[in-house]
Amino acid sequence: MTTSPSEHGAPPGSTGDDPPCDLAVVGAGPAGLAAAVTAAGLGLNVMLLDAGERPGGQYYRHPAPGLRAARPQALHHHWHVFARLERRLRAHTTTGRLRHLPGHHVWTVLPEQPAETRQSAPAPAPVWRLHAVADEGPGAGSEDGGESPVTVRAHTVLLATGAYERQLPFPGWTLPGVVGAGGAQAMLKSGLVLPGRRTVVAGSGPLLLAVAAALAAAGGTVPAVVEAADYPSYAHRPAALLRNPGKLAEGAAHGATLLRHGVRLLTRHAVTAAHGTARVQAVTVERLDRDWRPLPGSARRIPCDALATGHGLVPQLELATALGCATLRTADGTPALDLDGEQRTSVPGVWSAGETGGIGGAELALAEGELAAYSVARALRGTRLPPRAAVLRGRRDRLRAFGEAMATVHRPGVGWTAWLDDATHVCRCEEVPAGAIREAAGELGARDARTVKLLTRAGMGWCQGRMCGPAVACLAGAEPAPDRRPLSCPVPLGHLAALPGAGPPAQAPPPPQPPAPADR
Amino acid sequence: MPTGNPRGPLDAVIVGAGVVGAACAHYASRAGLAVAVVDRGSVAGGTTGAGEGNLLVSDKEAGPELDLALLSTRLWRELADDLPPEAEYEPKGGLVVAPDETALGALRDFAAAQRKAGVETHEVPSHALHDLEPHLAPGLAGGFHYPQDAQVQPARAAAQLLASARRSGAVVHLGEEVTGFLAHPDGTLRGVRTPHRELHAPAVVNATGTWAGDLARLAGTHLPVHPRRGFVLVTEPLPRVVRHKVYAADYISDVASGSADLQSSAVVEGTPAGPVLIGATRERVGFDRTLSAEALRRLAHQAAALFPVLAGVRAIRTYHGFRPYLPDHLPAIGPDPRVPGLFHACGHEGAGIGLAPATGLLTAAVLTGDQPALDLRPFRPERFDQAGAAQ
């Protein structure tokens, strides 16, 4: 059974039979970009795979070309840093040392040799296969709706898969007009549109201030920023703050913008309900105790036509966990990758940089990406780490400490589930209400998010629990487990059927055949 | 979590809250026994939660396992009336297809023997296959329809069976691992120990599935249960494109194979929630949790060969489980003569969801001292010792 029924020929981007490149980087955000251009500059042959159409990731976003935005930098800090990275990307692409594959969704990374043979022999240099679904340009007209299978082979892998936004649900959070805080920022950066005229910004984490400042600067009204944590608690961690004057200045700049626009900052408060019929028209804001439990009698209504909400970021780990990379728990209870002083994961040949090691921001991601590239070059070429590596390490340690301090302050309190009524949908894809999850975790005997999922379908839908996972884990009374999504994005069955068979990559597949009487 | 009320001393402790343990608890409590269920994790936290929910008679050759499956088929139908609809019992029927005349001939002989044993089945000629499954690939030689094949959502079914047991008085301790056995001086068991308590009972039922060999060892005896890994692919939600459980005839030989190598023949079926399930591969690689591209390739290839329309459909998830494999593909059910007080209800390989009710009913009969509905000799837990001694 080594035949395959695929009718799809190898597309131009498919490199399943090509010799492996030195380094494959997954993700072209700050960490991945920095790593890719640094590695290419060190003479490595690099492939940069990214789900997005343009480099920059979630952080550096380009206004859509049709908008003819004259000054994208107005919405970004450090746009010049990105502009420089992009120039280097173009230069290395021209020389052919770096190949940028945009619109490539990597769904798994696997070692080329099956596990059994790996154990017996003295390990040869590992070769990794990165399997991706590639978007085809408009009009490509393939049967799978414009997607083709691509396999990239590489000697080393760097996972710079970033993070996604944590959402804690509340009654009314599925109303039109309620958007993710990160989503609101993305709308502003890439579409130059505001989510509404009067946008309440709520949740927890430093992103809220940035989002509110950007909305206000772009002409929107922000009636309030509602932060569940207590900012004065930053004062309990002065060391990490004082060693990061740049971060403080960033926060102060947002604060100044908010002051200038008369935006109220309510700390230790939460939006506990959104109201409206066709669209959000108002939100209920309540004061919280230390555990984020609403205080009785503190509720008030704030009229608005949009709500941007988010409760911090969660590292996106499924490619790494599928490879068996070790994880640890960060200060806010979220799993992140356990990385060493050179950004190496616990799996030899696999590095990671940026938010996957714990949420820390773009500046940290840039430092880690660059550091990882030096380490990869050292592993492949035996070169020494340059003196700059020590500088990067220092920067990384300082910014990591800051990230940990922020995570401690913004860690969701256990009492947040008190603002959910039983009818609130927790899983939006499968429309599973909180009551069903409570029943599963109570009388039906589920003790973790996985069993809750099996009993209720929460997390079984299109987003595979990215949206509801942290909330479901809380309701099940468990700490969130590291992501396990062996397929990190949907993959057409035709692509799976066309995978190279066991052993060396398969040649051009023959036409479909009925099932053969095999395996006897 | 809330638990039931013990009515005085326990009659049995059931270790394992998978579908088999839950069924044992359901039938034992219904028979009036006071039981406790202990599991180190959640309900359905092991292989049950990774199952497809196949209730198949079609894949079993005439013999003791088929008898067990036929009894279970009847019991599942009763349970469907008793349990809440959340168990998603669906008597959808199975369709086994043959690619050519040779395979069809073999299938015909297989079905004839099954019919003698009480299975309902009839041949579907090539031209009529599309009346049953409109999207099936053209060019198949024919097939057999098995109306008794059915499906449940396994985790929900297990949870509902356990909830039903609790309503009859069973006590449930989840998140507690059995760390030791309590025994009388003569070696007869008198209960189990967990980090939180001692549970005293004259009978302990080993319903720990793939981990049953470990529990047997803890009790001082031997049961050669090994993990046999399976991958399942789940597609995006679709309108009903697959109506039955559909698989190619070679699935039957894969199930019966003792080889450790990767076997695969996709069973394709729709679910009430919309996704199509494609499963499953069989290979003995220990508890290896890494993704196998080869397993996914074969499942996708075979599913698309049966239903060409699926080639353009997306898989949104894959998962794996470890079936409790015993060398002769039969479960161990009944008392263990080597350790008085120990009973086994485990080793069902890939058929545990289907065979759970019969296993529960038989176990309850053994515990109450009633005559079991089936001859238990083929399932004796100590049979592997004798096989070893005879060699």
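Note that the structure is a prediction, hence the values are computed from the model and not measured.

Rules of the game
Going along each chain's sequence as written, the residues are numbered from 1 onward. Lettering of chains starts at A and numbering of ligands starts at 1, both following the order in which they are written. For a predicted model such as this one, the threshold for reporting local features is a pLDDT of at least 70, and the threshold for listing and counting side-chain atom pairs is 80 or more; totals across whole chains, interfaces and linings nevertheless cover every residue. Note that the side-chain values use all heavy atoms of the structure and ignore hydrogens as well as water. Each helix is a run of H or I in the DSSP string that is no shorter than four residues. Each strand is a run of E no shorter than two, and both are numbered from the N terminus. Summary of the burial criterion: residues with accessible area below 20% of their type's maximum are buried, those above 50% are exposed, and those between are partly exposed, where the area comes from a 1.4 Å probe applied to protein chains only. Pairs of residues are marked as contacts when any of their non-hydrogen atoms sit within 4.5 Å. What sets the accessible areas is the Shrake-Rupley method with a 1.4 Å probe; for residues, cover comes only from the shown protein chains. As a reference, a globule follows 2.2 Å times the number of residues to the power 0.38, and the radius of gyration itself is taken over C-alpha atoms. pLDDT gives the predictor's per-residue confidence on a scale running from 0 to 100. Here the axes come from fitting lines to C-alpha atoms, over the contacting stretch only for helices, and the angles between their N-to-C directions go from 0 to 180 degrees. In this scheme, roughly parallel covers angles under 35 degrees and roughly antiparallel covers those over 145, while 65 to 115 is roughly perpendicular and the rest are oblique. Throughout this entry, Asp, Glu, Lys and Arg are counted as charged residues, while Ala, Val, Leu, Ile, Met, Phe, Trp, Tyr, Cys and Pro are counted as nonpolar. The remaining residues, Gly among them, count as polar. The start and end points of each domain follow an automatic or database-based domain assignment. Accessible-area loss on putting two parts together, using a 1.4 Å probe and summing over both, is the definition of buried area adopted here. For this document, the term salt bridge refers to a Lys or Arg side-chain nitrogen within 4 Å of an Asp or Glu carboxyl oxygen. Under this definition, polar contacts are N or O atom pairs within 3.5 Å; protein pairs additionally need one hydrogen-donor-capable and one acceptor-capable atom, and for neighbouring residues in sequence, both atoms have to be side-chain atoms. By nonpolar core we mean a set of buried residues, namely Ala, Val, Leu, Ile, Met, Phe, Trp, Tyr and Cys, connected to one another through side-chain atoms within 4.5 Å. UniProt positions are given in the numbering used here, feature names are shortened, and annotations may be inferred rather than shown by experiment. Here the expected length of a helix is defined as 1.5 Å per residue gap, with one fewer gap than residues. The criterion for an aromatic pair is that two Phe, Tyr or Trp rings (for Trp, the six-membered ring) have centres within 6.5 Å, with stacked assigned to planes under 30 degrees apart, edge-to-face to planes over 60 apart and tilted to the rest. In this scheme, the term charge over a ring applies when either NZ of a lysine or CZ of an arginine sits within 6 Å of the ring centre and within 35 degrees of the ring normal. By definition, two strands form a pair when at least two bridges between them are found by DSSP.

As for the overall build of chain A
Here is step 1: Each helix and strand counted, chain A has 14 helices and 22 strands in total.
Here is step 2: A buried classification covers 55% of the 520 residues belonging to chain A.
Here is step 3: Within chain A, residue pairs in contact and separated by at least 24 positions form 68% of the contacts whose partners lie at least 6 positions apart.
Here is step 4: Per element, the accessible surface of chain A, about 21200 Å² overall, is 55% carbon and sulfur.

Here we look at the overall build of chain B
Here is step 1: In terms of regular secondary structure, chain B is built from 10 helices and 19 strands.
Here is step 2: For 391 residues, the compact-globule estimate of 2.2 N^0.38 gives 21 Å, and the C-alpha radius of gyration of chain B, at 21 Å, lies within 12% of that figure.
Here is step 3: Principal-axis analysis of the C-alpha atoms gives chain B an extent of 65 × 50 × 40 Å.
Here is step 4: The buried share among the 391 residues of chain B stands at 65%.
Here is step 5: Here the contacts in chain B between residues at least 6 apart in sequence split such that 75% fall between residues at least 24 apart.
Here is step 6: A total accessible area of about 13300 Å² is found for chain B, and carbon and sulfur atoms account for 53% of it.

Re the confidence of the model for chain B
All names here are of chain B.
Here is step 1: Model confidence for chain B is summarised by a mean pLDDT of 92, while 94% of its residues fall at 70 or above.
Here is step 2: Low pLDDT, under 50, characterises residues 1-5; the stretch is placed with 16 contacts to residues that sit more than four places away or in other chains.
Here is step 3: Across the assembled chains, the prediction reports ipTM 0.89 with pTM 0.87.

Section: the packing of helix α12 (residues 449-456) of chain A against helix α5 (residues 154-167) of chain B
Here is step 1: At a closest axis distance of 7 Å, the pairing of α12(A) and α5(B) adopts a crossing angle of 95°. For the element pair α12(A) / α5(B), the angle class is roughly perpendicular. Residue-level inspection shows Leu454(A), Leu455(A) and Thr456(A) of α12(A) in contact with α5(B), the latter providing Ala155(B), Arg156(B) and Ala159(B).
Here is step 2: Partitioning the contact of α12(A) with α5(B) into residue classes produces four nonpolar, one polar and one charged.

Describing the domain arrangement of chain A
Residues and elements named next belong to chain A.
Here is step 1: When cut into domains, chain A gives domain 1 (21-114 + 125-163 + 314-385), domain 2 (168-310) and domain 3 (420-481).
Here is step 2: Listed by partner, the interface residues are six residues for domain 1 and five residues for domain 3.
Here is step 3: Carbon and sulfur atoms make up 46% of the surface buried where domain 1 meets domain 3, a total of about 380 Å² over both sides.
Here is step 4: For domain 1, the biggest contributors to the area lost against domain 3 are Glu318, Arg329 and Pro335; these three give 64% of the whole.
Here is step 5: Linking domain 1 with domain 3 are two salt bridges.
Here is step 6: As a salt-bridge pair, Glu479 and Arg329 come within 3.8 Å of each other at their nearest N and O atoms.
Here is step 7: The interface formed by domain 1 and domain 3 includes two residue pairs in polar contact (both at pLDDT 80 or more).

Some thoughts on the nonpolar core
Here is step 1: Counting 116 residues, the largest nonpolar core has Val200(A), Val271(A), Val283(A) and Val426(A) as the members making the most contacts within it.
Here is step 2: With sequence-adjacent residues up to four places away left out, Val426(A) is seen in contact with Pro169(A), Trp173(A), Leu420(A), Val432(A), Pro433(A), Ala434(A), Ile437(A), Cys468(A), Ala471(A), Val472(A) and Leu475(A).
Here is step 3: Cys489(A), Leu493(A), Leu140(B) and Ile278(B) belong to the second largest nonpolar core, which has 40 residues in total.

Overview of the UniProt feature "domain: BFD-like [2Fe-2S]-binding" (unreviewed entry) in chain A
Here is step 1: UniProt feature "domain: BFD-like [2Fe-2S]-binding" (unreviewed entry): in the numbering of this structure it lies at residues 426-473 of chain A.
Here is step 2: Within the segment residues 426-473 of chain A, helix and strand shares are 44% and 8% respectively, and the terminal C-alpha atoms sit 11 Å apart.

Brief notes about helix α10 (residues 387-410) of chain A
Here is step 1: The terminal C-alpha atoms of α10(A) lie 35 Å apart, and with 24 residues this matches the ideal 34 Å at 1.5 Å per residue to within 8%.
Here is step 2: When we look at burial in α10(A), the residues that qualify are Ala389(A), Leu392(A), Arg396(A), Leu399(A), Arg400(A), Phe402(A), Gly403(A), Ala405(A), Met406(A), Ala407(A), Val409(A) and His410(A).

Remarks on the packing of aromatic side chains
Here is step 1: In total, this model carries three aromatic pairs over all chains according to the counting rule given.
Here is step 2: Residues Trp416(A) and Trp419(A) carry aromatic rings whose centres are separated by 6.2 Å and whose planes lie at 55° to one another, so their mutual orientation is tilted. Grouping residues by exposure puts Trp416(A) and Trp419(A) together as buried.
Here is step 3: Taken together, Trp211(B), Phe287(B) and Phe322(B) form an aromatic cluster joined through their ring pairs.
Here is step 4: Across the ring face of Trp173(A), the terminal group of Arg428(A) is positioned such that the distance to the ring centre comes to 4.7 Å.

What about the pattern of salt bridges?
Here is step 1: Applying the stated criterion to the full structure yields 44 salt bridges over all chains.
Here is step 2: Note that Arg485(A) is salt-bridged to Glu318(A), the shortest N-O span being 2.6 Å. Taken together, the residues span a long stretch of sequence, with Arg485(A) in the loop between α13 (469-475) and β22 (491-492) and Glu318(A) in helix α8 (residues 318-322) at a distance of 167 residues. The exposure classification of Arg485(A) matches that of Glu318(A), with both residues buried.
Here is step 3: Taking the shortest distance from any N to any O, the salt bridge between Asp59(B) and Lys60(B) comes out at 2.9 Å.
Here is step 4: For Lys60(B), a relative accessible area of 5% gives the class buried.

Notes on the sheet that holds strand β11 (residues 198-200) of chain B
Adjacent strands of a sheet pair through backbone hydrogen bonds, lying either parallel or antiparallel.
Residues and elements named next belong to chain B.
Here is step 1: Across the sheet, which stays open at both edges, the three strands sit in the order β9-β10-β11 with antiparallel pairing between neighbours. Since the sheet does not close on itself, it has two edges, and those belong to β9 (180-183) and β11, each with one partner. Each neighbouring strand pair of the sheet contributes to a mean axis angle of 25°, computed without reference to strand direction.

Regarding the interface of chain A and chain B
Here is step 1: Facing the 52 residues of chain A at the interface are 56 residues of chain B.
Here is step 2: Taking both partners together, chain A and chain B bury about 4500 Å²; carbon and sulfur atoms supply 59% of that area.
Here is step 3: Connecting chain A to chain B are one salt bridge.
Here is step 4: At the junction of chain A and chain B, the tally comes to 13 residue pairs in polar contact (both at pLDDT 80 or more).
Here is step 5: Broken down by secondary-structure element, the contributors of at least two residues to the side of chain A that touches chain B are β4 (104-111), α12, β22 and α14 (493-497) of chain A.
Here is step 6: No other element matches the six residues that α12(A) contributes to the side of chain A that touches chain B.

Concerning the sheet that holds β22(A)
Here is step 1: Strands sit in the order β22(A)-β17(B)-β13(B)-β16(B)-β15(B)-β14(B)-β4(B)-β6(B)-β5(B) across an open sheet of nine strands; the sheet is mixed. The sheet terminates laterally at β22 of chain A together with β5 (122-125) of chain B, the two strands that pair on one side only.
Here is step 2: Bridging between strand β15 (residues 263-270) of chain B and strand β16 (residues 276-282) of chain B involves six bridges; their strand directions are antiparallel. Bridging from a neighbouring strand, Glu269(B) pairs with Leu277(B) of β16(B).
Here is step 3: Against the sheet, helix α8 (residues 293-306) of chain B engages β4 (94-98), β13 (226-235), β14 (245-248), β15, β16 and β17 (314-325) of chain B, with an angle of about 55° to β15(B).

Focus: unusual backbone geometry
Here is step 1: Going from Gly279(B) to Ala280(B), the amide bond is cis rather than trans, its omega being -10°.
Here is step 2: Summarising the element assignment, Ala280(B) is placed in strand β16.
Here is step 3: At Gln343(A), a position not held by glycine, the phi torsion is positive, near 70°.
Here is step 4: Within the fold, Gln343(A) resides in the loop between β18 (335-337) and β19 (350-352).
Here is step 5: Assessed through its relative accessible area of 1%, Gln343(A) is described here as buried.

A word on the pairing of strand β5 (residues 128-135) of chain A
Residue and element names in this part refer to chain A.
Here is step 1: Within β5, seven of the eight residues are buried, leaving the element largely enclosed by the surrounding structure.
Here is step 2: Where β5 lies against strand β6 (residues 147-159), eight bridges are found, and the strand directions are antiparallel. Bridge pairing links Trp128 to Ala154 in β6.

Some points on the side chain of Thr235(B)
Here is step 1: Counting through the fold element by element, Thr235(B) comes out in strand β13.
Here is step 2: A polar contact of 2.9 Å, which involves the side chain of Thr235(B), links it to the backbone nitrogen of Val276(B).
Here is step 3: Not counting residues within four places of it along the chain, the set of residues in contact with Thr235(B) comprises Leu493(A), Pro275(B), Val276(B), Ile278(B), Val313(B), Arg314(B), Ala315(B) and Ile316(B).

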